[in-house]
Amino acid sequence: MSLPKVYHRFSLLSLHSPKTLFSSLTLAVKHLPSPPLFRRHSRRFVAGKQFKAKTTMASSRFHHLVPVNASAAEDGGNGTGSNGAADATASVAYDDDIESASVTGYRLPPHEIRDIVDAPPLPALSFSPLRDKILFLKRRSLPPLSDLARPEEKLAGLRIDGKCNTRSRMSFYTGIAIHQLMEDGSLGPEKEIQDLPKGAKINFVTWSNNGQHLAFSVRLDEDDGSSSKLRVWVANVDTGKARPLFESPDIYVNAVFDNFVWVNDSTLLVSTIPLSRGDPPRKPLVPSGPKIQSNEQKNVIQARTYQDLLKDECDEDLFEYYATTQLVLASLDGEMKPFGPPAIYTSMDPSPDQTYIMITSTHRPFSFVVPCGRFPKKVEVWTTNGEFVRELCDLPLAEDIPIAFNSVRKGMRSINWRADKPSTLYWVETQDGGDAKVEVSPRDIIYTQSAASHENEQPKILHKLDLRYGGISWCDDTLALVYESWYKTRKVRTWVISPESEDVNPRILFDRSSEDVYSDPGSPMSRRTLAGTYVIAKVKKEDDGNTYVLLNGSGATPEGNIPFLDLFDINTGSKERIWQSDKEKYFETVVALMSDQKEGELSINKLKILTSKESKTENTQYYLLSWPEKKTCQITNFPHPYPQLKSLQKEMIRYQRKDGVQLTATLYLPPGYDPSRDGPLPCLVWSYPGEFKSKEAASQVRGSPNEFAGIGPTSPLLWFAVLSGPTIPIIGEGDEEANDRYIEQLVASAEAAVEEVIRRGVADPNKIAVGGHSYGAFMTANLLAHAPHLFCCGIARSGAYNRTLTPFGFQNEERTLWEATNTYVEMSPFMSANKIKKPILLVHGEEDNNPGTLTMQSDRFFNALKGHGALCRLVILPYESHGYGARESIMHVLWETDRWLQKHCVYSSDVKADACKDNAEGTVDSQSKAVATAGGVQELADLDEDKFHSISPNASALNDQNTISDFMGDKLPGDEARRVSDKVRADHIYSIL
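Residue positions within a chain follow its written sequence, with the count starting from 1. With the structure being a predicted model, the display of local features is reserved for residues of pLDDT at least 70 and the display and counting of side-chain atom pairs for 80 or more, all residues being used for whole-chain, interface and lining totals. Hydrogens and water molecules were not included; the side-chain quantities draw on all heavy atoms of the structure.

The name given to the protein chain in an unreviewed UniProt entry is Probable glutamyl endopeptidase, chloroplastic, and the organism recorded there is Anisodus tanguticus. Its UniProt record, at the heading Subcellular location (unreviewed entry), says of the protein chain: "Plastid, Chloroplast stroma". UniProt positions are given in the numbering used here, feature names are shortened, and annotations may be inferred rather than shown by experiment. Quoted verbatim from the Function (unreviewed entry) field of the UniProt record, the comment on the protein chain reads "Serine-type protease active in vitro against the LHCII N-terminal. Cleaves its substrate on the carboxy-side of Glu residues."

Asker: Account for the sheet that holds strand β19 (residues 267-272), with residues named and values stated.
Answerer: Should DSSP find at least two bridges between two strands, the strands are regarded as paired. A helix here means a DSSP run of H or I that spans at least four residues, while a strand means a run of E at least two residues long, and both kinds are numbered starting from the N terminus. Read across the open sheet, the seven strands follow the order β18-β19-β20-β21-β22-β23-β24; overall the sheet is antiparallel. Sheet topology places β18 (260-264) and β24 (388-395) at the edges, where each strand pairs with a single neighbour. Pairs of neighbouring strands in the sheet enclose a mean axial angle of 40°, with direction left out of account. Every angle, taken between N-to-C directions, lies between 0 and 180 degrees, and every axis is a line fitted to C-alpha atoms, over only the stretch in contact when it is a helix.

Asker: Lay out the sheet that holds strand β42 (residues 608-615) in plain terms, naming residues and giving numbers.
Answerer: Pairing in this open sheet of four strands is antiparallel, and the strands run β40-β42-β43-β44 from one edge to the other. Bordering the open sheet on either side are β40 (586-593) and β44 (631-634), each of which pairs with just one other strand. Within the sheet, the average angular offset between the axes of one strand and its neighbour, ignoring direction, is 30°. Bridging between β40 and β42 involves seven bridges; their strand directions are antiparallel. Residue pairing across strands places Leu 593 opposite Ile 609, the latter belonging to β42.

Asker: Tell me what's going on with the confidence of the model for the protein chain, and back it up with residues and numbers.
Answerer: The predicted model of the protein chain has a mean per-residue pLDDT of 83, with 80% of residues at 70 or higher. Confidence of the predictor at the level of single residues is captured by pLDDT, which takes values from 0 to 100. Between two residues, a contact is recorded if the distance between any of their heavy atoms is within 4.5 Å. Taken as a whole, residues 910-993 scores under 50 in pLDDT and shows 267 contacts with residues more than four places along the chain or in a different chain.

Asker: Can you lay out the pattern of salt bridges for me, pointing to particular residues and giving the numbers?
Answerer: For this analysis, a salt bridge means a side-chain nitrogen from Lys or Arg found within 4 Å of a carboxyl oxygen belonging to Asp or Glu. Per the stated rule, a full pass over the model turns up 49 salt bridges. Across the pair Arg 364 and Glu 316 runs a salt bridge, and its minimum N-O distance is 3.8 Å. Within this pair, whereas Arg 364 is found in the loop between β22 (356-362) and β23 (377-383), its partner Glu 316 is found in helix α4 (residues 313-323), the two being separated by 48 residues in sequence. Relative accessibility thresholds used throughout: buried, under 20% of the residue-type maximum; exposed, over 50%; partly exposed, between the two (1.4 Å probe, protein chains only). Exposure remark for Arg 364: the relative accessible area of 34% places this residue in the partly exposed category. Close ionic contact of Asp 444 with Arg 468 constitutes a salt bridge, the shortest N to O distance being 3.1 Å. In this pair, Asp 444 is assigned in strand β27 (residues 444-450) and Arg 468 in strand β29 (residues 468-476), connecting sequence segments 24 residues apart. When sorted by exposure, Asp 444 lands in the same class as Arg 468, which is buried.

Quick look at the structure:
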């Protein structure tokens, strides 16, 4: 099951509108793909003794890791989980008989599994701008299916709830509590935000710059089961009293794109639904003509397999209807006035000095082949009083962006305010026409200009780049760091520039491979300014008077990640490690500076940072760490989410592929299990392949053995042993494309993983299952087709199996079907459906909106399997997208997984000898070698195996923070920098979207 893992983000995370960047520090618990829940099979371990279970399937199903009575019972025994969702909401049932697959309706896994899935989620945390208060944002558990079943419009790559006039399927907070952060690091008493309507659904919580007020949206459930439109509320932080921002009950937020932003400490700019708007346009019963698309100009237009695109003129009208906004300036004292004409505004970004606002909008002509991020884009500068200043650009429709990685839109892009200046803009313009295949120098040029500049005034060239621009970290007039990268070579560079000193030449600070995590020097830590922006923090040591920056690194090593904090001299390159995580027991990471309330350089002796700390058995808590004594103070004390699994065994293991590539995985074993005493277990392997340019990079260890082993609702259910995330590197060195040897390397990686768990004596070679989500499902189907000697069954969720249906690239493949026909065909398990003889369970959301993984992929793959007599099962989840969100769906997926593994893994001892006859001679030899390595002699007929493991995104977790960058198609500086540059923090520490 996916681990509740802490993601650290400055701003956003569904708490802020996309442009109120860095207004506060926000932390939230999310779900990461990780090891699943353990469950016993045919043995029970008690006090070091082994007891054989009864042989009947029904009774053996209850030999769980934790006795049923050890888990908290459901509320009152009335079939209602802790999240208040009734088990019978959508006709759910639980039957002990694993053969009862023909029963209709949603099914439920055993109680102890439900108790863990239904456990109340931990709150999200948000620190005030002055770091003196913390919000605890309370959340509900899994939503009911009825939430997902609400009508939605699929338009221009978006899914819109027309009733709320916002993105559909938004999660929400159920309450807000405020705690004072005391000088000693302890928390003051809780103060609830008062006067909220009963049942309020809260979104977009954001602080005013002075930390005295909160703004957020509120919606309510209506009698017909739908949600009302959103209204803006404000709350006084000192008193806790809340009220609607607008006195009129008819002013609602239009949150299809941006929602609202603080212009200053007492005024908000709000995207509202125009009061003059009527009913939505109706699609005519009889069309006025055929649907026609034309390319008579012979334009070259290649695009990925985007979902939910506009289909006709009626869709265009609907998109314009729901997305059109009237901006309104509203002050806390009740004054309000319209701001500009109605338009499809997509973002609002005030300047640091609160003098100007950069407004971005889109307009016709729309497109039927690309999402709204490629629609025409206009960027304008207005004053905060609502006066138009000038137009920065009006970019045309961009259907023709090449599919090659690092290709971009023509014209101005990544337009932002300088964080260290009152109102200075900067942006990037490509010099290669946006086509990454064009060789040119420079490739990108960064420009800067004052917002008050006249239209005829030429912008200043700040820096020229030969790779693709990846972002800027600003500090002051003498220092800024510029990032560039190139995917094809994995090269990333960090430049040091002096923005206001033309006589100081730019120089390269770091030049490395993005894949080489061992050489990652870390990212500069940022401090908050009085204007609410974030700049590189400068630190001074009292003894030498020199100025340093703080580099916060993940600390990847062959023993795992050991996060660190370095004092780094930009001028000399010398560094001093002033803090490092305890590598023996804990995994601790630096989250943010907490001593940046004043302007200027920070003293090392007054340094205070926020860290998160966890271990294999201790869930994440937050601490304050203060210099010079490095005194620690624990801030939070979250309870262990499932104490019944506190003694779960976890080990990061290393092993080698036959070509010499070093591989890693995380092995989870039941509490008290001893392979020498208890014997091998059924094993589930769940993974996700990755591409690399070198064997050395692919062999590096990522992650920490000391991370907390958590369990979340959307990961696969497991009993027995779990091999979580075994690395499956697909390597293409030099000019070689990785996918040209995809099958060969995939099988070699799987063989190495299987041989290792057998060698350790923890896995029964005949009872190994394999599985994955999305690209991991694609992997699973390929392994069952090309390595049937390894696995007894498989589980594939939300995958794509026929690559000819994604002809213009997929995953990290940038060649088209016509450029690499053999690769597309050979990689497609659909083309090898006749080779799949092992049981395979296919699961897919009926409304999957992920590019490439259309629901049709699983449907057609199932028909191909069935057409060749394969043992297969297809489960289509109504209303679910690429990740599964509803409680009924998740519980049913767990039940399906439970049944499949019980039937085809735990009780798969009757292996058909003819299945082995289908294998090539070399395949049998390879498997025989694996079994011999384990020290056992197996009959040829016993060589029937399969494997399983999972990476499953949780679509329901806080997805109300869908920002403009998610759907507008632009790669923001922070996006690019996080992905491939030194601006990236540790795997789970993110800055802005």
